[in-house]
Amino acid sequence: MIEAHDWNDECGVFGAVGHPRAAELAYLGLYALQHRGQEGAGIISYDGRRYHEHKKLGMVSDIFSASALRKLHGASAIGHTRYSTTGSTILPNVQPLVAKLRQAVVALAHNGNLVDARMARSVLEDGGAIFQTSMDSEVILHLMARSRHPQIERQIGDALDRIHGAYSLLLLVGDTIYAAKDPRAIRPLCLGSLPGGGWVVASETCALDIVDAGFVREVKAGEIVRVRAGEPPRTVRHAPADADATCIFEAIYFSRPDSHLFGRANGASRVALGHRLAAEAPCPGGEVVISVPDSSNAAAQGYAEASGIPFGHGLIRNHYIGRTFIKPTQEIRDLSARIKYNPVRDVVAGRSVVVVDDSIVRGTTVRKLVAMLREAGAREVHFRVSSAPIIAPCYYGIDTPDASELIAAGSDQEAIRKLVGADTLHYLSLAGMQQAIAGERACGFCTACFDGAYPVPIIERTDKKILEMS
Ligand code: SF4
């Protein structure tokens, strides 16, 4: 479980071509990807002559009314739902971004973070470029505009050759979508086929399911795929790619459990993490396994299955806390922990409780949960974490605190146990985590936040504060 504002999701992208109501499919796709970003969303469509755009701050359900969707004509569209890892939460920063290049109008939706955006931006600004937003993504459009190649596909390739970091991109150019991934395939992006013809591209497979599209394949590392009606998706460039380094945290927490990544549903990967955790960190004497809902449910199920300790719903999560939750005054601040989670007394009272959580970031929520469970009568509280200790920040599109705020960056397991007040506390090992997710499959992971081994060298800090200061 990751506290709101501790470790936030990134963005979600969705595109559709060859469907008379492409924007409506994009709307459904963004709904399925809402967990990846709740600050703003937008869709841009193309009707053969003109582009139509609608974007706002807020949640997908609040942004798109029936009348707004009716105006998004056309058989091709891309959409984006945003959590800002670079750039403030202001309307100009809501994607898709649009630019008029020499040959064409291009709309762009980007998931991930570039690691050299500030440098690239200042070089472009020195050359006279005027930026409309404070996002790293805009650099890509400026680099396309500077390409000397007449073909749009070569312009995209030129721009991508000049940037580094994590990007899963959609570019809408008339009735064509170009889908592209960085050479390490850090963020997911998959292709799907619509039952009546037409194609979709999405950050996660759950967005294919919602529009009844069949999974075709993941976009490959370094690949640019042209997706248009009436022809199969075609690779227009396959850049030399290093070994895949797809974010392992997508399977542990970020992506939905019903999305498929690394060859199976993330829910199945999470159950496997729970199995492995039970083998590595058993809890003799434990009487009930509970999860920190909802993200740890599958891991707790796995732990219960493998340990033989029964599973119980010992914590209930309130799903109606919006981003505008106002921190109360000091006198009642402690009570506010209960707004998000409430312990179920009947399940935990008098028992030795094994709490399974998918990760610990700062440790503040864990401390509150342990105290809450004891107040609810738990005799013992044993904490089990279905990932390895997080010791380093992410620079590839996840909003993370500095290393100084990561509890595991400066403390060992015993110190953390004392800080959170649990009777015992154990993390899954890094090797166990990788094996549980990969199984027999060959998977290339980014594990940088667990081991500090960044697959793309960190050239500069590129979070939103830094970009805006510059
Ligand atoms: S650093 Fe961590 S969160 Fe970021 S991409 Fe790598 S594994 Fe994912």
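All values derive from a computational prediction rather than experimental measurement.

Caption draft 1: Fine view of the pairing of strand β7 (residues 168–173). Across the six residues of β7, six count as buried, placing the element largely inside the fold. Residues Ser-168, Leu-170 and Leu-172 line one face of β7 and the alternating positions Leu-169, Leu-171 and Val-173 line the opposite face, and both faces are buried. The pairing of strand β6 (residues 105–111) with β7 spans five bridges and is antiparallel. By the bridge assignment for β7, Asn-111 is matched with Ser-168. For β7 and strand β8 (residues 176–181), the ladder comprises six bridges, and the chain directions are antiparallel.

Caption draft 2: Main features of the environment of Leu-315. Looking at the secondary structure, you find Leu-315 in strand β18 (residues 315–317). The exposure class of Leu-315 is buried, given the 25 C-beta atoms found within 10 Å. Setting aside anything within four residues of it in sequence, one finds Leu-315 in contact with Ile-290, Val-292, Pro-293, Tyr-341 and Pro-343.

Caption draft 3: Representation of unusual backbone geometry within the structure. With an omega of 5 degrees, the peptide bond running from Gln-95 to Pro-96 counts as cis. Note that Pro-96 resides in the loop between β4 (76–82) and β5 (97–100). Phi is positive for Phe-262, close to 55 degrees, though the residue is something other than glycine. Note on placement: Phe-262 falls in the loop between β15 (260–261) and β16 (264–265).

Caption draft 4: Seen up close, helix α14 (residues 364–375). Over its 12 residues, α14 extends 17 Å from the first C-alpha to the last, a length consistent with the 16 Å expected when each residue adds 1.5 Å. Among the residues of α14, Thr-365, Val-366, Leu-369, Val-370 and Leu-373 are the ones counted as buried. For α14, the angular spread of the buried residues around the axis is 135 degrees, confining them to a single face. The inward-facing, buried residues of α14 contact β19 (341–343), α13 (345–348), β20 (352–357), β21 (380–385) and α16 (413–420). Looking at the residues trailing α14, positive phi occurs at Gly-377, about 105 degrees.

Parameters and conventions
- Residues numbered from 1 in each chain as written.
- Predicted model: local features only at pLDDT ≥ 70, side-chain atom pairs only at ≥ 80, totals over all residues.
- Buried ≥ 20, exposed ≤ 12 C-beta atoms within 10 Å, placed from the backbone.
- Helix = DSSP H or I, 4+ residues; strand = E, 2+ residues; numbered from the N terminus.
- Pairing = 2+ DSSP bridges.
- Contact = placed C-beta atoms within 7 Å.
- Expected span 1.5 Å × (residues − 1).
- Arc of directions from axis to C-beta.

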